[in-house]
Amino acid sequence: MSIKRFFNRSRWDDERARELESYVAIETDENIARGMAPEEARLAALRKLGNRTRVREDIYQMNTIGFLDGAWRDLKYGARLLRLNPGFALVAILSLALGVGANTAIFQLLDAVRIRTLPVVNPQQLVELRIADTKGGRTGRFTGRRPMLTYPLFEQIRDRQQAFDGLAAWGTTSFNLTRSGEARYALGIWVNGEFFNTLGVKAMLGRTLNVDDDGRGCASPAAVVSYGFWQRELGGEASAIGRALDLEGHAFRIVGVAPPQFFGIEVGRTFDVAVPLCAEPLTRVQSSLDKPDVWFLGLFARLKEGWTIERATAHLAAISPQIFQLTSPPRYRPEDTKSYLAFKLAAFPAGTGVSSLRRDYEASLWLLLATTGLVLVIACANLANLLLARATAREREIAVRLAIGASRGRIVRQLLAESLLLSAIGAGGGLLIARWLSQFLVGFLRTDSNRIFVDLTTDWRVFAFTGALAVATCLIFGLTPAIRATSTEPGAAMKAGSRGSTDSRERFGLRRSLVVVQVALSLVLVVGALLFVRSLRNLMLLDAGFRQDGVLVVNLDLRGSGIAGQGRRAAFEELSARLRALPGVDAAAEAFIVPVSGSGWNNRIVIDGAARTQNVNFNEVGRGYFRTLATPMLAGRDFDDRDTTQSRKVAIVTERFANLFFEGRNPIGRTFQVEEGAGVERPVYEIVGLVKDAKYTDLREEFTPIAFLAASQEAEPDPFLQVVLRSSAPLATVTSEVTSAVSAARPSVIIQFQTMNSMVHDSLLRERLMATLSGFFGLLAGLLATIGLYGVMSYMVERRKNEIGIRIALGADRGSVVAMIMREAATLLAAGLIVGAVAAIAAARWTSALLFGLHPSDPVTLAAAAVALTAVAALASYVPAVRASRLEPTVALREE
Amino acid sequence: MLQGTLDLLILKTLALGPAHGHTIGYAIERQSDEVLQVEHGSLYPALHRLEDRDWIASFWGTSENNRRARYYRLTPAGRKQLEEQTNRWDEIVRAINRILRPA
């Protein structure tokens, strides 16, 4: 009833007016009947009734929901004011939308990779099983994205555990979808039979895998495809179920499609095809299923009802000794075996899945969230300043309203309504910007070799976050000006004439402190931006020991060529020679590992019978490798025709190697052995060359000792050939030439290309992300602070027109007026810079882990940021200063 | 006038039959032998409140001297309310009398 009346309250009011009018008419009639003159009769009737307006107001109040009505009217009034000041509204909404949008976008990413749980049934029951403390280190081969366990370990855990309702083991890989020509890869996972049931993921179409699909030695295995793959590659047709799918040259049967929201277990990544682990031998050159030293599986488990993580961990610890005893790799050295047998399994919470994205970017994202938070604070300070100026202009109006009895709370509420309107529109715009920005961020992080996938649906957390931001900003920038505006004594404000008491030192002090805060915060952000930009620059300019420009990496898969082990060496040499002979190719060489690609191979060496503790990185390269990568040869010779499978084993080492193991003396002619397990032959390598140091796995690392072995001495290589190739010809020309040359020689070879530039580029992703975003936010912060300073200085000039006019009339020259205003601005700027410098030094330590080649409190960076801010600030205050000096005293004084 | 008694007086007046605001005001004054003087304006918020509670209902009609007027009549709920409030009033009066004139 009340709500209905609320919306009909003006109709009700009309009704009352008519009713009261009818009373007056009846009473007037009766008064006339009593003998009064008509005029007098009506007046008496009105007197008898009392104050009609008050009656109507009383009834109106009864019909209305007081707060709602007031709020609605305040909002309408606020909207009208904003329409009257489109410039102010635009600046306010734009800066808020940018601030809120940036915050929301970063939060959205954090939410997606850090906070949200996996799209499976009861994710809180999921735990990850892995070795609690890998003291002494794990030895062996590590492949895939989560190499936590070996297959024999998984089997033992599966057969012995009693704590879990089901286990979900998975290993990641990529499956080539083509049988020849240029390779096309699908993201694959090998999973155990229980995988989908343990997670509680049901097929959208067909069925998921079950235990029967995962019998050892399966010959024509089943495959479950992801929703995305089904749409993209299989046309989204139901008939795809039962069809055959070629993976690594083997036919798989598609039995089901996973639901759209299921992206796998790794946040930040998706999968295309899931096949049972029993099919692993079909898709790999050498199966790892029986290898106790090949780590390639991740393992999740679902806790049984009533089991806690602690209880499960205790249970795992109890069965660990037996499990590790039974799976101890026979090829291990005694010390490796010792640490292996001491391992203990444990359970870790895994409801939010695992994520390398999280590991690599979580710190960066939190830092960026802090950055965008500061940008938003600066934007709020700007708005607070603008609103303070507006409040001053409306001071007399507010004083009048206070004087005639408006309550202070009521006026504060009205002023806040306008702020709320601004922040709500700003937050709405922010959501739109966030959508675009987070997509940009994900696109930024996505590379050819790392196809990241982040579910960016806006969930309630993002909405709550944005809503909270809107309210918080509204309070930050709106509340103080509103309270300030209403705290004036009405009498004082009215008396003060056109120059309100807002000019007082105290009142103006608030606006000045806001500018100081803005300058300080933007200095912090500009310093941060410069640190990240300089870090990136350091990494890009650093002498990595090779030149990646113009280097193409060619990967050849010879598995389909039918060339047996012994014939491969000759085939490799022939293919390398063909590529080297191509027109436009300056140099080409076989390379087992491409620097900074992320792959590595290390081992310890033995010199003169003594094992050295320092690990050495290895690579196996063909002749011309150093010329191709432009790594200078310092002494000795490159590999050549003399180095065959029959000749003496040779090696080329780096300076760092020579310094570590030969005390910097010329290592040519010296020998070393590679440490191997017991019973394995240890060939002796003679050092024939010395090259300059080069980076190995990562640009950020220190130079490590590297030993290059001769590819030509590897008798039975795996059927994969990787060639690095330097050419000055356009990329497209080179790739098509290489493709036709290889196809002509070996039609069944599968080829894949990558430029070394893009590999290096991708390896600096985090640095580029931080440099780009913090640079952008630093600029934005500087811009906002400049606008703030400009606003305050212009406003001050405006309010002091009178005084400046008098000064000029009394003979002050223009220069001294400019100097006076600039001095004023310089004080604010200096205060801001000092506070900012302290804050920047305090805050910079959070960045130290993300910096390269410079200290967080780098004085040059700090100075550069201060100079840059000073320059724009000087410009921003020069304009109002000049305006002040051009005042016509007569005009300025007449305005009073 | 005592708080809440105006509502009771309006309900009692309407118990005699439908009436408009003007009639109600004069009726109260007349019935009380001009002791209770009602500010006629204050009747209308009270009428509105009673109608809001569904104790009375309103309709537009024509007055004795041919004027359009808004008439009010008692609803069954209002009649019950009148009974209850009258009883309560009697109780209060008896209680106050017991204090003022102890037997």
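Being a predicted model, the structure only gives us computed values, none of them experimental.

## What about the overall build of chain A?
Of the regular secondary structure elements, chain A holds 28 helices and 24 strands. Along the three orthogonal principal directions, the C-alpha set of chain A runs to about 135 × 75 × 55 Å. Long-range contacts, defined here as pairs at least 24 residues apart, represent 83% of the contacts in chain A between residues at least 6 apart.

## Here we look at unusual backbone geometry
Residues and elements named next belong to chain A. Despite not being glycine, Val-596 shows a phi value in the positive range, around 60 degrees. The topology assignment puts Val-596 in the loop between β15 (585-590) and β16 (602-607). Located in the positive-phi region is Ala-630, a residue other than glycine, with phi close to 60 degrees. On the basis of neighbour count, Ala-630 is assigned to the partly exposed category, with 16 C-beta atoms found within 10 Å.

## A word on the nonpolar core
Residue and element names in this part refer to chain A. In this structure, Ala-223, Val-375, Ile-378, Leu-523, Val-527, Ala-781 and Leu-789 are the most contacted members of the largest nonpolar core, which totals 179 residues. Residue contributions to this core peak at 19 residues, all from helix α13 (residues 356-393). Ignoring anything within four residues of it in the chain, the contact list for Ile-378 reads Gln-518, Leu-521, Ser-522, Ala-781, Leu-784 and Ala-785. Leu-579, Val-594, Val-723 and Leu-725 belong to the second largest nonpolar core, which has 59 residues in total.

## Describing the sheet that holds strand β4 (residues 181-182) of chain A
Residues and elements named next belong to chain A. Spatial ordering of the open sheet is given by β4-β24-β14-β23-β15, a layout of 5 strands whose pairing is mixed. Here the strands that pair on one side only, and so sit at the sheet edges, are β4 and β15. Where β15 meets strand β23 (residues 720-727), 5 bridges bridge the pair, whose relative direction is antiparallel. Residue Ala-587 lies in a different strand from β23, and its bridge partner there is Arg-726. Here helix α19 (residues 565-580) sits on the sheet in contact with β14 (551-557), β15 and β23, set at roughly 165 degrees to β15. In the packing of helix α23 (residues 756-763) onto the sheet, the strands contacted are β14 and β24 (750-755), and the crossing angle to β24 comes to about 60 degrees.

## Re the sheet that holds strand β1 (residues 19-20) of chain B
Neighbouring strands of a sheet are bound in pairs by backbone hydrogen bonds; such pairs are parallel or else antiparallel. Across the sheet, which stays open at both edges, the 3 strands sit in the order β1-β3-β2 (chain B) with antiparallel pairing between neighbours. Only two strands of the sheet have a single neighbouring strand rather than two, namely β1 and β2 (56-62) of chain B.

## Notes on the interface of chain A and chain B
Of the residues lining the interface, 18 residues belong to chain A; the matching set on chain B comes to 17 residues. Elements with a minimum of two residues in the side of chain A that touches chain B: α2 (9-33), α3 (38-49) and α4 (52-63) of chain A. If one sorts the elements of the side of chain A that touches chain B by residue count, α2 of chain A sits on top with 9 residues. Class assignment for the residues of the side of chain A that touches chain B results in 8 nonpolar, 3 polar and 7 charged.

## Some remarks on the environment of Val-273 of chain A
Residues and elements named next belong to chain A. Among the secondary structure elements, Val-273 is positioned in strand β10 (residues 273-276). On the neighbour-count criterion, Val-273 (24 C-beta atoms within 10 Å) is buried. In this structure, the C-alpha to C-alpha distance between Val-273 and Val-257, residues 16 residues apart in sequence, is 9.3 Å. Apart from the residues lying within four places of it in its own chain, the contact partners of Val-273 are Phe-175, Ala-186, Gly-188, Ala-223, Val-225, Phe-229 and Leu-247.

Thresholds, definitions, all that
- Residues numbered from 1 in each chain as written.
- Chains lettered and ligands numbered in written order.
- Predicted model: local features only at pLDDT ≥ 70, side-chain atom pairs only at ≥ 80, totals over all residues.
- Helix = DSSP H or I, 4+ residues; strand = E, 2+ residues; numbered from the N terminus.
- Contact = placed C-beta atoms within 7 Å.
- Buried ≥ 20, exposed ≤ 12 C-beta atoms within 10 Å, placed from the backbone.
- Core = buried A, V, L, I, M, F, W, Y, C linked by C-beta atoms within 7 Å.
- Pairing = 2+ DSSP bridges.
- Axes fitted to C-alpha atoms, helices over the stretch in contact; angles between N-to-C directions.
- Nonpolar A, V, L, I, M, F, W, Y, C, P; charged D, E, K, R; others polar.

Function-wise, these values are silent; they only describe arrangement.
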